Amino acid sequence: MALPLPDKPSIAVVPFVNMTGDQSQDFFCDGFTESLIMGLSKVPRLFVIARDSTFSYKGKPVKPGQVSEELGVRYVLEGACRRPGIKCASRHN
């Protein structure tokens, strides 16, 4: 069942995928995702889905449209962390 969209801009940041090949970097990727969520939550008039809701998608192959519909947001931000130097790439829909 799809949730109705809020009357203001809305976003969900799904956990960034660790593409480093090193499981010890999961902590970094999760922290990066959490930092994005916290930073976006400080933007006035922006509805941001909480970490607890978006982290339910961690490690699961989901499409942004599915996340958008299930969480009732207009935008979904997803990305990945990779080496060398742990670079993070993002993609929004």
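The coordinates are above.
First things first, this report covers the structure right here in the doc.

Conventions adopted
- Residues numbered from 1 in each chain as written.
- Predicted model: local features only at pLDDT ≥ 70, side-chain atom pairs only at ≥ 80, totals over all residues.
- Heavy atoms only, no water.
- Buried < 20%, exposed > 50% of the residue type's maximum accessible area, 1.4 Å probe, protein only.
- Helix = DSSP H or I, 4+ residues; strand = E, 2+ residues; numbered from the N terminus.
- Pairing = 2+ DSSP bridges.
- Salt bridge = Lys/Arg side-chain N within 4 Å of Asp/Glu carboxyl O.
- Expected span 1.5 Å × (residues − 1).
- Arc of directions from axis to C-beta.
- Contact = heavy atoms within 4.5 Å.

Remarks on the pairing of strand 4 (residues 75-82)
- Here strand 4 lies mainly inside the structure; six of its eight residues are buried.
- Sheet topology places strand 1 (residues 10-13) next to strand 4; three bridges connect them, and they run parallel. Within strand 4, the residue paired with Ile 11 across the bridge is Tyr 75.
- With two bridges connecting them, strand 2 (residues 17-18) and strand 4 associate as parallel partners. Bridging across to strand 4, Asn 18 finds its partner in Cys 81.

A short note on the pattern of salt bridges
- Within the structure shown, the criterion is met by three salt bridges.
- We note a salt bridge from Arg 51 to Asp 52, for which the minimum N-O separation is 3.9 Å.
- The partly exposed category is assigned to Arg 51, whose relative accessible area is 33%.
- When its relative accessible area of 66% is taken as the criterion, Asp 52 is described as exposed.
- Here the salt bridges do not stand alone but share partners, grouping Glu 34, Arg 51 and Asp 52 into one network.

So, helix 1 (residues 26-41)
- Taking 1.5 Å of rise per residue, the 16 residues of helix 1 would be expected to cover 22 Å, and the 23 Å separating its terminal C-alpha atoms lies within 8% of that figure.
- Listing the buried residues of helix 1 in full gives Cys 29, Asp 30, Thr 33 and Ile 37. Taken down its axis, helix 1 places every buried residue within 100° of arc, on the same side. Opposite the buried face of helix 1, by more than 90 degrees, sit the exposed residues Phe 27 and Met 38.
- Summarising the contacts, the buried residues of helix 1 are in contact with strand 1, strand 2, strand 3 (47-48), helix 2 (51-54) and strand 4.

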